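Take a look at the letters that make up each chain.
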Amino acid sequence: MKLKFLILLLLSPFSLLLSAQEGRLNMNLKGGNNAALGHFVALSFDARHSLEKYFSVEGGLLYNSAKGLVAEARPSLFCDFPAGRLSVEALLHYSPYSGIHNYALGGGVAFDSRYISLTMGYYYRALSTAGSSLNEPFNIYYGLTVNCLPSVSKWDLMVSLSNCRIFELERHYQPSLFVDAWWYPADKYGITLGVCYKPAGMFNLSSDYYQLYANIGGCYRW
Amino acid sequence: MLQMVKKVYYIVLLLLLCGCDKIDFKGLVMATGDMVDSRYEQSFELHKGASVASIAVTDSYLFYVSTDAHINDDTRNIKEFANALRNDGNALFGVMLGDCIDKRGSMPLYCDAIDYKADEQKYPLPIFSVIGNHDLFFEGWDHFRNLLGASVYWFETIYDGGKDLFITLDTASGTLGAKQIEWLQEFLASVRDNYRHCIVFTHTNLLYTDTSQVSSGNLPLEETLLLFDIFGEHNVTLCLQGHDHYREDVMFKGVRYTIVGAIRKEFEKAEYLCVRLSDSGVEYEWRYIQ
């Protein structure tokens, strides 16, 4: 069961590469500090591919020096409107950190417009290790992104508040703040830069520092 | 439209600046006093890393646990808990798992409620307090440290032929912080083998296995997994938690995780827990405030 789940996660985005009509491939390098994990670096590859005019899939793999492997896939059905794109997505997430297998399955809706992107969904998480398992039956994932430079073609600057960025699926009371920048010096090649701040205890009303990292990456789109 | 935005801005600003006497809205976005690493350091300045108590016991004994008193003005429930503990000839100590108070400036009231009262109570048994998120509101750490002491500490019970270890953690900010995690790992690695049972007390619950606590937070997932790993690896017997206000009891990686229900007066079935430790393990008896 665990092996099948992992294979499904790994294959679902990359199996579409051959037939993708348009898409994007990202490579990211992260470095930062985490209260529980200490200093870390992480390397990730993720891709997004659109097929026809209604189906796309996003997913990839991340390796974190302190946390190990994380895999995630999000196939989605979408429909374009004059105001933006409305999507219905499924979420599959897997991480085997600390000898505990962490699986999440979920689904949600997303709306992407020129200025704002909104995502909201529900997921179920299971934590299992030899002889023990725990289930988290109720989790909400959400994201709000504001595009600050939507009218500049080569640049964009985005500010997001979310608990569900790719490879990062937290409990709903544990959002992170992201600031990301994109620069496309050529049509097909781009550079990404970003920082993420994650506090702990926000919904306890006694928040504290938890995590800060920066990332730099390259992007190829077709 | 602009007027409405201005009104919302002023309301948010007002909430962040002052809050009310119960809810410190500043804590949503920033630490309201010393951060957890600083509280850890101040705790170790107080006790220098040594045990805060060594209690002589027999190999089978009782201790009492309550949590989330959320004291405003009424201390009846926590006094009943203290009376029950100190009139039980088999009990050795009590533990309050945090959120001792609910209102700005109520810490002296809580301390008075748990103080030994010779006219009502037979035995002068100690009650150890764990810090909770509500105890931190309105820069509450200063009150907690001055009136109750450290937020991270350990103590032991000693019986003929063995010892039990009790560790109190500071999870009031939703994280243990880097320093406390490092200490916990090193401490358990160096001393755990000297003890029969190891009991860990935290305020913030690690578990999220039901919908009883949708709106308030606990630890980040990866920190939770790390603690599961540390506790499992070092054979922690039992982890007692509060915060959720609803009872929960599960085993994971060989460790028993129990969330104790709240003792706050607003609860119809305010409860506390009597724990018996012996060679055969851990036994529970749940009791309710009358």
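The structure presented is a predicted model; accordingly, all values stated were derived computationally and were not measured.

J.: Tell me about the overall build of chain B, residues and numbers included.
T.: Secondary structure assignment for chain B yields eight helices and 12 strands. For chain B, the C-alpha atoms occupy an extent of roughly 75 × 45 × 40 Å along the three principal directions. Looking at the 290 residues of chain B, the share that counts as buried comes to 46%. A fraction of 75% describes how many contacts in chain B between residues 6 or more apart in sequence connect residues 24 or more apart.

J.: Any details on the interface of chain B and chain A? Residues and values, ideally.
T.: Contact residues are listed per partner, giving 42 residues for chain B and 31 residues for chain A. By residue number, the principal contributor to the side of chain B that touches chain A is helix H8 (residues 221-233) of chain B, which donates seven residues. Grouping the constituent residues of the side of chain B that touches chain A by class yields 24 nonpolar, 12 polar and six charged.

J.: Could you give me a rundown of the pairing of strand E10 (residues 176-183) of chain A, with the residues and numbers involved?
T.: Residue and element names in this part refer to chain A. Here strand E9 (residues 155-162) pairs with E10 via eight bridges, running antiparallel. Across the sheet, residue valine 159 finds its bridge partner in E10, namely valine 179. The sheet contact formed by E10 and strand E11 (residues 189-200) spans seven bridges and is antiparallel. Looking at E11, one finds that aspartate 180 is bridged to glycine 194. Connecting the antiparallel pair E10 and E11 is a turn made up of five residues.

J.: Requested: an account of the environment of Asn215(A), with residues and values cited.
T.: All names here are of chain A. Mapped onto the elements of the fold, asparagine 215 is located in strand E12 (residues 208-221). Separated by 78 residues in sequence, asparagine 215 and proline 137 place their C-alpha atoms 32 Å apart. Other than its neighbours up to four places away in sequence, asparagine 215 contacts Asn28, Leu29, Lys30 and Gly194.

J.: How would you explain helix H7 (residues 177-191) of chain B if you had to name every residue and give the values?
T.: With 15 residues, H7(B) should reach 21 Å at 1.5 Å per residue; the first-to-last C-alpha distance of 21 Å fits that figure. Residues of H7(B) that are buried: Gly177(B), Ala178(B), Gln180(B), Ile181(B), Leu184(B) and Leu188(B). Contact partners of the buried residues in H7(B): strand E2 (38-51) and E12 of chain A together with helix H2 (36-47) and H8 of chain B.

J.: Tell me about the nonpolar core, and please be specific about residues and values.
T.: Core analysis: the biggest nonpolar cluster contains 86 residues, and Val65(B), Ile78(B), Tyr110(B), Val200(B), Phe201(B) and Cys239(B) have the highest contact counts within it. Tallying contributions element by element places H8(B) first for this core, with six residues. With residues near it in sequence (within four places) discarded, Phe201(B) still touches Val95(B), Leu97(B), Val130(B), Phe166(B), Ile167(B), Thr168(B), Leu169(B) and Leu240(B). Val70(A), Ala71(A), Tyr103(A) and Cys164(A) belong to the second-largest nonpolar core, a separate cluster that totals 16 residues.

J.: Can you break down the sheet that holds strand E9 (residues 248-252) of chain B residue by residue, with the values?
T.: All names here are of chain B. With mixed pairing, the seven strands of this open sheet are ordered in space as E1-E5-E6-E7-E8-E10-E9. Whereas interior strands pair on both sides, the edge strands pair on one side only; in this sheet they are strand E1 (54-56) and E9. Going across the sheet, the axis of each strand differs from the next one's by a mean of 20°, ignoring polarity. Across four bridges, the pairing between strand E8 (residues 238-241) and strand E10 (residues 255-259) is parallel. Pairing of cysteine 239 across the sheet is with tyrosine 257, part of E10.

J.: Give me the lowdown on unusual backbone geometry, citing residues and values where you can.
T.: Residues and elements named next belong to chain B. Phi at aspartate 68 takes a positive value of approximately 55°, unusual for a residue other than glycine. Residue position: aspartate 68 is located in the loop between strand E2 (61-66) and helix H3 (76-86). A tally of 24 C-beta atoms within 10 Å means that aspartate 68 is categorised as buried. The phi dihedral of glutamate 139 is positive, around 55°, even though this residue is not glycine. Within the secondary structure, glutamate 139 is located in the loop between helix H5 (133-136) and helix H6 (141-147).

What counts and what doesn't
Per chain, residues are indexed from 1 in the order of the written sequence. By the order in which they are written, chains take letters starting at A while ligands take numbers starting at 1. Totals for whole chains, interfaces and linings use every residue, but because this is a predicted model, local features are given only for residues with pLDDT of at least 70 and side-chain atom pairs only at 80 or more, for both listing and counting. Helix numbering and strand numbering both begin at the N terminus, where a helix is a DSSP run of H or I of at least 4 residues and a strand a DSSP run of E of at least 2. Buried residues are those with 20 or more other C-beta atoms within 10 Å of their own C-beta, exposed residues have 12 or fewer, and partly exposed residues lie in between; C-beta atoms are placed from the backbone. Contact between two residues is assigned whenever their backbone-derived C-beta positions fall within 7 Å. Residues are sorted three ways: Asp, Glu, Lys and Arg are charged, Ala, Val, Leu, Ile, Met, Phe, Trp, Tyr, Cys and Pro are nonpolar, and all the rest, Gly among them, are polar. Here the rule is simple: two strands pair whenever DSSP picks up at least two bridges between them. Helix span, expected: 1.5 Å multiplied by one less than the number of residues in the helix. Under the definition applied here, buried Ala, Val, Leu, Ile, Met, Phe, Trp, Tyr and Cys residues are grouped into a nonpolar core through C-beta atoms within 7 Å. Axes here refer to lines fitted to C-alpha atoms; in helices the fit is confined to the stretch in contact. Angles between the N-to-C directions go from 0 to 180 degrees.

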